[in-house]
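# Close look at the chain arrangement
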Amino acid sequence: MSDTTTLESLSIGRPDPLPVPDGASDEVRGIVEGIYGDGIVAEKGAFSREWTRDMAEDIYRAFHEALARPRGAVGRGRRRYYVEIHPEQLRGFVELVAHPWVRKVCEAILGSEYQIVELGFDIPFPGATDQPWHRDFRMPEATRTEKRLSSLAFNLTAIDTVEEMGPFEIAPGTQFDLSPEFDHEMFPPKSMWSRYEGLAVRKHPKMGDISARSALTIHHGTKNVSESPRPVLVLGVDAPGAGNAEHHDMAVTRPFYDSLPERVQQHLVCPIVDELIPITQKHDIEGLMMGEA
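### Let's talk about the pattern of salt bridges
- The full count for this structure, using the stated rule, is 15 salt bridges.
- Here arginine 213 ties to aspartate 136 by a salt bridge, and the two come within 3.4 Å at their closest N and O atoms. Here aspartate 136 lies in the loop between strand S4 (115–124) and helix H5 (141–146) and arginine 213 lies in strand S8 (residues 210–213), a separation of 77 residues in the sequence. Assigned by exposure class, arginine 213 and aspartate 136 land together as buried.

### Let's talk about helix H2 (residues 49–67)
- Given a rise of 1.5 Å per residue, 19 residues ought to cover 27 Å, and the 27 Å separating the end C-alpha atoms of H2 matches this to within 8%.
- Turning to H2, its buried residues are Trp51, Thr52, Met55, Ala56, Asp58, Ile59, Ala62, Phe63 and Ala66. The buried side chains of H2 occupy one side of the element, clustering within an arc of 165° when seen end-on. Residues Glu50 and His64 are exposed on H2 and point more than 90 degrees away from its buried face.
- Contacts from the buried residues of H2 go to strand S3 (80–84), helix H3 (93–97), S4, strand S5 (151–157) and strand S10 (232–238).

### A few points about the pairing of S4
- With respect to burial, S4 is a largely interior element, nine of its 10 residues being buried.
- Here S3 pairs with S4 via five bridges, running antiparallel. The residue bridging arginine 80 from the neighbouring strand is proline 124, located in S4.
- Bridge count between S4 and S10: seven bridges; the pairing is antiparallel. Its bridge partner being in S10, phenylalanine 121 is matched across the sheet by leucine 233.

### Some details on unusual backbone geometry
- Omega for the bond connecting aspartate 16 with proline 17 falls within 30 degrees of zero, at 5°, which places this linkage in the cis form.
- Even without being glycine, arginine 79 reaches a positive phi, approximately 60°.
- Of note, arginine 79 is situated in the loop between strand S2 (74–75) and S3.
- For arginine 79, a relative accessible area of 38% puts it in the partly exposed group.

### What about the sheet that holds strand S9 (residues 219–221)?
- With antiparallel pairing, three strands are arranged side by side in an open sheet as S7-S6-S9. Two strands lie at the open edges of the sheet, namely strand S7 (201–202) and S9, each paired on one side alone.
- Where strand S6 (residues 168–170) meets S7, two bridges bridge the pair, whose relative direction is antiparallel. Opposite glutamate 169, over in S7, you have arginine 202 as the bridge partner.

### Some remarks on helix H4 (residues 100–110)
- For H4, the buried fraction is high: eight of the 11 residues fall into the buried class.
- Where H4 is concerned, the buried positions are Trp101, Val102, Arg103, Val105, Cys106, Ala108, Ile109 and Leu110.
- Where H4 ends, the next residue or the one after it, glycine 111, has phi of about 95°, a positive value.

### Looking at the environment of alanine 212
- With respect to the secondary-structure elements, alanine 212 resides in strand S8.
- Each C-alpha atom, one on alanine 212 and one on valine 41, is 5.4 Å from the other, the two residues being 171 residues apart in sequence.
- Those residues in contact with alanine 212, other than ones at most four positions away along the chain, are Ile35, Gly39, Ile40, Val41, Trp101, Val105, Ala153 and Phe154.

### A look at the sheet that holds strand S1 (residues 40–43)
- The strand order S1-S8-S5-S10-S4-S3-S2 describes an open sheet built from seven strands, whose pairing is antiparallel. One side of each edge strand has no neighbouring strand; the edge strands of this open sheet are S1 and S2.

### With respect to the confidence of the model for the chain
- Taken over all residues, the pLDDT of the chain has a mean of 93, while the share at 70 or more is 93%.
- With pLDDT under 50 throughout, residues 1–5 is counted as low confidence; its partners more than four residues away or in other chains account for 10 contacts.
- Long-range and interchain partners of residues 289–293, a stretch whose pLDDT sits below 50, account for 13 contacts in this model, where long-range means more than four residues apart.

### A few points about the nonpolar core
- With 61 residues, the main nonpolar core has Leu96 and Phe154 as its most contacted residues.
- Those residues in contact with leucine 96 that sit more than four places away from it in its chain are Phe47, Trp51, Leu90, Val102, Leu119, Leu156, Ile210, Leu233 and Leu235.

### Side note on the packing of helix H1 (residues 26–36) against H4
- Relative orientation of the contacting elements H1 and H4 amounts to 65°, with a least axis distance of 9 Å. With respect to each other, H1 and H4 are oriented roughly perpendicular. The way H1 lies across H4 gives a crossing that is right-handed. Of the residues in H4, those in contact with Glu27, Val28, Ile31, Val32, Ile35 and Tyr36 of H1 are Trp101, Lys104, Val105, Ala108 and Ile109.
- A breakdown of the residues in the contact of H1 with H4 according to their chemical character gives nine nonpolar, no polar and two charged.

Quick notes on the rules
Residues numbered from 1 in each chain as written. Predicted model: local features only at pLDDT ≥ 70, side-chain atom pairs only at ≥ 80, totals over all residues. Heavy atoms only, no water. Salt bridge = Lys/Arg side-chain N within 4 Å of Asp/Glu carboxyl O. Helix = DSSP H or I, 4+ residues; strand = E, 2+ residues; numbered from the N terminus. Buried < 20%, exposed > 50% of the residue type's maximum accessible area, 1.4 Å probe, protein only. Expected span 1.5 Å × (residues − 1). Arc of directions from axis to C-beta. Contact = heavy atoms within 4.5 Å. Pairing = 2+ DSSP bridges. pLDDT = per-residue confidence, 0-100. Core = buried A, V, L, I, M, F, W, Y, C linked by side-chain atoms within 4.5 Å. Axes fitted to C-alpha atoms, helices over the stretch in contact; angles between N-to-C directions. Parallel < 35°, antiparallel > 145°, perpendicular 65-115°, else oblique. Left-handed = near helix turned anticlockwise from the far one by under 90°. Nonpolar A, V, L, I, M, F, W, Y, C, P; charged D, E, K, R; others polar.

In structure tokens:
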């Protein structure tokens, strides 16, 4: 760490006052305070275990299909993979994006015209190692200058998470951390890791739970020393103009699109195509290949 950077000066600070929508309920106020505070909120038991088992089946089917083609899956560290999929590959897609809590969180943080831009999953297999502390992308200008969060990542575990599986670990309140010493504006140097280790909270969600977080909040995956993989579904949502859709290749066919409720259609910004083309992964975070081997 340079002489000009201290742990205390890393954060640009939260907005004051927080952007709570006018007339917000106590629940919505709590969501805004959670995302702008700790950087993460959750809803336990949002989905049934049966729905989650179907999700797990769809994840594993898509994973094996992805392994059969070049760059169908990308590494996110040793024994850890990410795969992006199309909505039609998830039987419960409508139930997911139309869930009242999901909609409430999106509207509270991103506004009524939020955009669904990403669907995928992350799987740390047995032997997966600690990832370096990181955020998922560079801090957007809207956050840097206006302290406004313009995207959300929803996560749903496909399995009851126990400590041996290498739980997701997050450093609450670090979504506003900013330093010129961050590699690619995403990876704090090891000299700063003590800050994140001191704040770290491990998450042990159960099947049916869902969380929403700012992808800017510093986090990492930990070692999976169990005998089981730990699949996690990822849903990415933007505020208008955030621009993350251009980094993804999600698409839907016309019959599928026409079958969707209007309240879902209006939030999809992906192309409507005659035939789905398997996605070639391009959201490759090079620094995640530097995890402890």
